[in-house]
Amino acid sequence: MTTDERLDLILSRLDKIDDKIDEIDERIDKLDARMDRLEDRMDKLDNKVDGLKYQVELNTLTVENTVNKAIKVLGEGYQMNAERFDKLDIEAVKNKADIALSLSQLTNERMDRLIDNLNKTA
């Protein structure tokens, strides 16, 4: 092989290497573009996650405030009822219930007698 042939062979190989390097450069450029798009998508997702975190915190505060108010109202109602029950005289309530029962029984007896008298006269 002559020197010219060797030089041609070397130049040919260098051209192939240059072509391969160009291909690699193109692939790297495509990868860079994809990475940029992925970074943009990640930024958008980060923003969405931040927005969701804010909404969750806001909803949590709203629920906590609502629940705390409800618990407070229930506690106050329980305390008021406890105070009212403490003031009740259970024996007096029983006596009044007994009196009401006796009155209703007496009224029923009188009504039965009245109906009997009406039926006899009719």
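Look up: the structure comes first, before these words.
How each quantity is defined
Residues numbered from 1 in each chain as written. Predicted model: local features only at pLDDT ≥ 70, side-chain atom pairs only at ≥ 80, totals over all residues. Heavy atoms only, no water. Helix = DSSP H or I, 4+ residues; strand = E, 2+ residues; numbered from the N terminus. Rg over C-alpha atoms; globule rule 2.2 N^0.38 Å. Areas by Shrake-Rupley, 256 points an atom, 1.4 Å probe, with all protein chains shown as cover. Lys, Arg positive; Asp, Glu negative; His and termini not counted. Charge placed at Lys NZ, Arg CZ, Asp CG, Glu CD. Salt bridge = Lys/Arg side-chain N within 4 Å of Asp/Glu carboxyl O. Buried < 20%, exposed > 50% of the residue type's maximum accessible area, 1.4 Å probe, protein only. Patch = residues over 30% accessible without salt bridge, like charges linked within 9 Å, V, L, I, M, F, W, Y side chains within 5 Å.

Asks: Explain the overall build of the chain here, please?
Replies: Of regular secondary structure, the chain possesses 2 helices and 0 strands. Computed over the C-alpha atoms, the radius of gyration of the chain is 48 Å, more than 25% above the 14 Å expected from 2.2 N^0.38 for a compact globule of 122 residues. Each of the three principal axes of the chain carries a C-alpha extent, and together these read 155 × 45 × 20 Å. Element-wise, carbon and sulfur atoms account for 58% of the exposed surface of the chain, whose accessible area totals about 11900 Å². Mean positive and mean negative side-chain charge positions of the chain (21 and 29 charges, respectively) differ by 11 Å.

Asks: How should I be thinking about the pattern of salt bridges in this particular structure?
Replies: Between side chains of opposite charge, a pair can form as their charged atoms come close. This structure, assessed with the given rule, holds 1 salt bridge. Among the ionic pairs, lysine 94 bridges to glutamate 91, the shortest N-O distance being 3.9 Å. With lysine 94 and glutamate 91 both in helix H2 (residues 90-121) and 3 residues apart, the pair spans about one turn of that helix. For lysine 94, a relative accessible area of 46% translates into the label partly exposed.

Asks: Help me understand a nonpolar patch on the surface, please; the structure alone is not making it clear to me.
Replies: Together, Leu7, Ile10, Leu11, Leu14, Ile17 and Ile21 make up an exposed nonpolar region whose accessible area comes to about 540 Å². Mapped onto the secondary structure, isoleucine 21 falls in helix H1 (residues 3-87). A residue is classified by how much of its surface remains accessible, and isoleucine 21, at 41% relative accessible area, is partly exposed.

Asks: Looking at this structure, I do not really get the environment of methionine 35. What am I missing?
Replies: Looking at the secondary structure, you find methionine 35 in helix H1. With relative accessibility at 45%, the residue methionine 35 sits in the partly exposed group. For methionine 35 and leucine 58, which are 23 residues apart along the polypeptide, the C-alpha to C-alpha distance reads 34 Å.

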